[in-house]
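# An overview of the molecular structure
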Amino acid sequence: MRSRYTAFAKGLWPYLAETQVAPLEPGPTLAWVGLTVHEAKGDEVEFTARYVEGGREVSLTERSRFEQHDGRWRYVTGRSRVTAKKLGRNEPCPCASGKKLKACHGAD
Ligand SMILES: [Zn+2]
């Protein structure tokens, strides 16, 4: 699951397609700034992944289900909810770079 987060952050769509059951439509590569795994039990993982877009920090919290095929875990489905909060351009960037948002992921 962490490797899929990294692949989303880098836009590695072929890897993402290989590690899920359903066909994958490549989308935009978002500015992901953090992943927190809340619980990993059996074939389910609950996590929050955050990205910055349009001066907002968007948090996607999902409970995902995985299946094992030939010794590899693949994403099956998930139930997610999304929340967003507005960020100030002079606030510290949520990616923890130590820079202000306007000089980091908010530079657009
Ligand atoms: Zn940043």
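As the structure is a computational prediction, the values presented were derived from the model and not from experiment.

### Description of the overall build of the chain
Helices and strands together make up the secondary structure of the chain, namely 2 helices and 4 strands. Taken from the N to the C terminus, the helices and strands of the chain come in the order α-α-β-β-β-β. Overall, the C-alpha framework of the chain stretches about 50 × 25 × 20 Å when taken along its three principal axes. Out of the 108 residues belonging to the chain, those deemed buried represent 13%.

### Describing the environment of Pro28
Structurally, Pro28 can be placed in the loop between helix H2 (13-18) and strand S1 (31-41). The exposure class of Pro28 is exposed, given the 7 C-beta atoms found within 10 Å. Expressed as a C-alpha distance, the spacing of Pro28 and Thr77, which sit 49 residues apart in the sequence, is 20 Å.

### Some remarks on the pairing of S1
Pairing between S1 and strand S2 (residues 44-53): 9 bridges, direction antiparallel. When the sheet's bridge partners are listed, Ala31 is paired in S2 with Val52. In textbook terms, the turn of a hairpin is the stretch between consecutive antiparallel strands, and for S1 and S2 this stretch comprises 2 residues, one of which, Gly42, has a positive phi near 60 degrees.

### What about the environment of Gly78?
Among the secondary structure elements, Gly78 is positioned in strand S4 (residues 72-86). A sequence separation of 60 residues divides Gly78 from Glu18, and the C-alpha atoms of the two residues are 17 Å apart. Dropping the residues within four chain positions of it, Gly78 is found in contact with Glu62, Arg63, Ser64 and Arg65.

### So, the sheet that holds S4
Strands sit in the order S1-S2-S3-S4 across an open sheet of 4 strands; the sheet is antiparallel. Edge positions in the sheet fall to S1 and S4, since each has one partner strand and no second. On average, each strand axis in the sheet is tilted by 20 degrees relative to the strand beside it, whichever way the strands run. Bridging between strand S3 (residues 56-69) and S4 involves 14 bridges; their strand directions are antiparallel. In the strand pairing of S4, Arg65 is matched with Thr77. Here helix H1 (residues 2-10) sits on the sheet and contacts S1, S2 and S4; the angle it forms with S1, its principal contact strand, is near 165 degrees.

### Focus: unusual backbone geometry
The phi dihedral of Asp70 is positive, around 50 degrees, even though this residue is not glycine. Position of Asp70 among the secondary structure elements: in the loop between S3 and S4. One non-glycine residue, Ala96, adopts positive backbone phi at about 70 degrees. Mapped onto the elements, Ala96 comes out in the segment after S4.

Each value, and the rule that gives it
Starting afresh in each chain, residues are numbered from 1 along the sequence in its written order. Reporting of local features is limited, given that this is a predicted model, to residues whose pLDDT is at least 70; pairs of side-chain atoms are given and counted only at 80 or more, and all residues count toward the totals for whole chains, interfaces and linings. Secondary structure elements are taken from DSSP: a helix is a run of H or I of four residues or more, a strand is a run of E of two residues or more, and numbering for both begins at the N terminus. Residue burial is a threshold on neighbouring C-beta atoms within 10 Å of the residue's own C-beta, all placed from the backbone, with 20 or more meaning buried, 12 or fewer meaning exposed, and counts in between meaning partly exposed. At least two bridges found by DSSP between two strands are what make those strands a pair. Remark: residues whose backbone-derived C-beta atoms lie within 7 Å of one another are considered to be in contact. With axes taken as lines fitted to C-alpha atoms, and helix axes fitted only over the stretch in contact, angles between N-to-C directions fall between 0 and 180 degrees.

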